[in-house]
Amino acid sequence: MLTMVLVVRHLLPLFHNINVSRGSFGWPLIGETFGFLRPHASTTLGSFLQDRIDRYGAVFTSHLFGEPTVVSCDKELSNFVLQNEERLFQCSYPAAIHGVLGDSSMLAVTGYRHHRLRNLFLSLVASARASPTYYAQVDRAALAVVSSWRGRRTVSFCDEARKFAFSVILKQVVGLSAEEPAAVDILANYLTFMKGLVSLPLRIPGTAYAKAVKARERIACTLERVIQDRRERGSCDESVFLDGLLPSEGFSDKEKVGFVLDALLAGYETTSLLISMLAYFLGQSDKHIDQLKREHQSIRSSKGKDEFLNSEDYKKMEYTQNVINETLRCGNVVKFVHRKALKDVKYKDYFIPSGWKVLPILSAVHLDASLHVNPQQFQPCRWEGLKNQTACSKMLAAFGGGLRLCPGSELSKIEAAFFLHHLLLSYRWSIDGEDVPMAYPYVEFGRGLPIHIDPI
């Protein structure tokens, strides 16, 4: 009897909404979530999505994360969903993620609260991009990490990319050097925090999720102490996000801590993964490396010996931008985003019932053969002539879209480009053995991307 009740409750949304796209709800309680989250190479859609696209088409129904879901691998529908944030759809991440990120995270809040936090983030990002100090800090950090490899034959590249990204984002957001005690505390807890962010939401002592919740609490305590110390010292460095945030009376300390955590999450994880992806794809193509070297040698020849890179140098990195775009397309740093329909929505032949979850699959845009010739091949030249951001956004959705387009996306590209500058001019490299980026759904290199390096 209990089994029958569970089956009926599980399938009831389908009986009430016969006009939805075809698909399968899987098993009661768990639906198809485990299949959807099954690890696969991030350069592919994975067997779950590919199998359902073949069976049902680019848009299909499923039961994921405990809710009836419309999954969109269709570029136009996904773009429609992203562009109608707060009108027809709303951000709707699982409650378990809220438990780790906190209720003040930009990923968790909606409506006016999100609008307010996003505007603050955009103003701080704009301030950083206009500051020569920011470019100098990024260049200095990149040079320090690459120079530290002297005398070594192999490096674990993912660790080195994280080291660079953490030092940059910590200095930029909190104003701390990586060696300071508060920074060491944040990093030690941050790694635990990240592992639990996408784990099974079991708040049982010893599980990755429970450890992540505790790690976030410890990070929050450390940041609160930093905030209090800044207030007592009356420090104000306009190049530091936190110092720009402190005078804002409209935000509670809890919101400020959440803001800093969001900035660390975006700047640390996304940037380090993008840099690792660059090393991975370029490590398999001497042709692209040679063209990049010519561009960066030209830029370096115009600089003084100890002169830092600046915003004008970044503008000259045109082929580098093509390589970064192609890396984002092929690597699929973010596979999908969570949305929920606020009302019944009809778009073309697709129907999305009110209250249903919607998952726009960003990687489907990147691997769509109707948009990209030979989508499985790494071809930076496909971005030549697409300098306009609007034109690029139709073919590249690596940072989301609409009102929730990642506000710090350009900073990630700047930092990746500057790191690549020093890597190209200092070393030749090759991947040590087999290693591929895997989507768990977070993306990670199983072996940490070990590389052989030879100084130039």
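Everything numeric here is computed off the predicted structure, so don't read it as measured data.

Draft legend 1. Here's a closer look at the pairing of strand β13 (residues 450-455). Looking at chain direction, strand β5 (residues 154-156) and β13 are connected through three bridges and run antiparallel. Within the sheet, the bridge partner assigned to T154 lies in β13 and is H452. Judged from the five bridges that link them, strand β10 (residues 427-431) and β13 form a sheet pairing that is antiparallel. Its bridge partner being in β13, I431 is matched across the sheet by I451.

Draft legend 2. Examining the pattern of salt bridges more closely. Counted under the stated rule, the structure contains 18 salt bridges. Note that K315 and E312 form a salt bridge whose closest N and O atoms lie 3.2 Å from each other. In this pair, K315 and E312 both sit in helix α14 (residues 311-315), three residues apart, roughly one turn of the helix. Of the residues examined, E312 reaches a relative accessible area of 44% and is grouped as partly exposed. For R382, the salt bridge is made with E326, and the minimal N-O distance between the two is 3.0 Å. You can see R382 sitting in the loop between α16 (362-366) and α17 (389-393) and its partner E326 sitting in helix α15 (residues 318-331), a full 56 residues away along the chain. One exposure class covers both R382 and E326, and it is buried.

Draft legend 3. How the structure looks around a nonpolar patch on the surface. Among the surface-exposed residues, W27, L29, I30 and F34 lie close enough to one another that they form a single nonpolar patch of about 520 Å² accessible area. Mapping F34 onto the fold places it in helix α2 (residues 33-36). Taking the relative accessible area as the measure of exposure, F34 reaches 52% and is therefore exposed.

Draft legend 4. Examining the nonpolar core more closely. Counting 114 residues, the largest nonpolar core has W149 and F157 as the members making the most contacts within it. Sorting elements by how many residues they give to this core places helix α12 (residues 253-282) first, with 17 residues.

Draft legend 5. Seen up close, α15. Taking 1.5 Å of rise per residue, 14 residues should cover 20 Å, and α15 covers 20 Å from first to last C-alpha, within 8% of that figure. Most of α15 sits out of view: 13 of its 14 residues are buried. Of the residues trailing α15, N332 is marked for its positive phi of about 55°.

Draft legend 6. Broad picture of the packing of helix α7 (residues 132-147) against helix α18 (residues 409-426). Running from N to C, α7 and α18 point in directions that differ by 40°, and their axes come no closer than 9 Å. By the angle between their axes, α7 is oblique relative to α18. Judged by the twist between their axes, the crossing of α7 over α18 is right-handed. Residue-level inspection shows Y134, Y135, V138, D139, A142, L143, V145 and V146 of α7 in contact with α18, the latter providing L411, I414, E415, F418, F419, H422, L423 and S426. Taken together, the residues of the contact of α7 with α18 sort by class into twelve nonpolar, two polar and two charged.

Cut-offs applied
- Residues numbered from 1 in each chain as written.
- Predicted model: local features only at pLDDT ≥ 70, side-chain atom pairs only at ≥ 80, totals over all residues.
- Heavy atoms only, no water.
- Pairing = 2+ DSSP bridges.
- Helix = DSSP H or I, 4+ residues; strand = E, 2+ residues; numbered from the N terminus.
- Salt bridge = Lys/Arg side-chain N within 4 Å of Asp/Glu carboxyl O.
- Buried < 20%, exposed > 50% of the residue type's maximum accessible area, 1.4 Å probe, protein only.
- Patch = residues over 30% accessible without salt bridge, like charges linked within 9 Å, V, L, I, M, F, W, Y side chains within 5 Å.
- Areas by Shrake-Rupley, 256 points an atom, 1.4 Å probe, with all protein chains shown as cover.
- Core = buried A, V, L, I, M, F, W, Y, C linked by side-chain atoms within 4.5 Å.
- Expected span 1.5 Å × (residues − 1).
- Axes fitted to C-alpha atoms, helices over the stretch in contact; angles between N-to-C directions.
- Parallel < 35°, antiparallel > 145°, perpendicular 65-115°, else oblique.
- Left-handed = near helix turned anticlockwise from the far one by under 90°.
- Contact = heavy atoms within 4.5 Å.
- Nonpolar A, V, L, I, M, F, W, Y, C, P; charged D, E, K, R; others polar.

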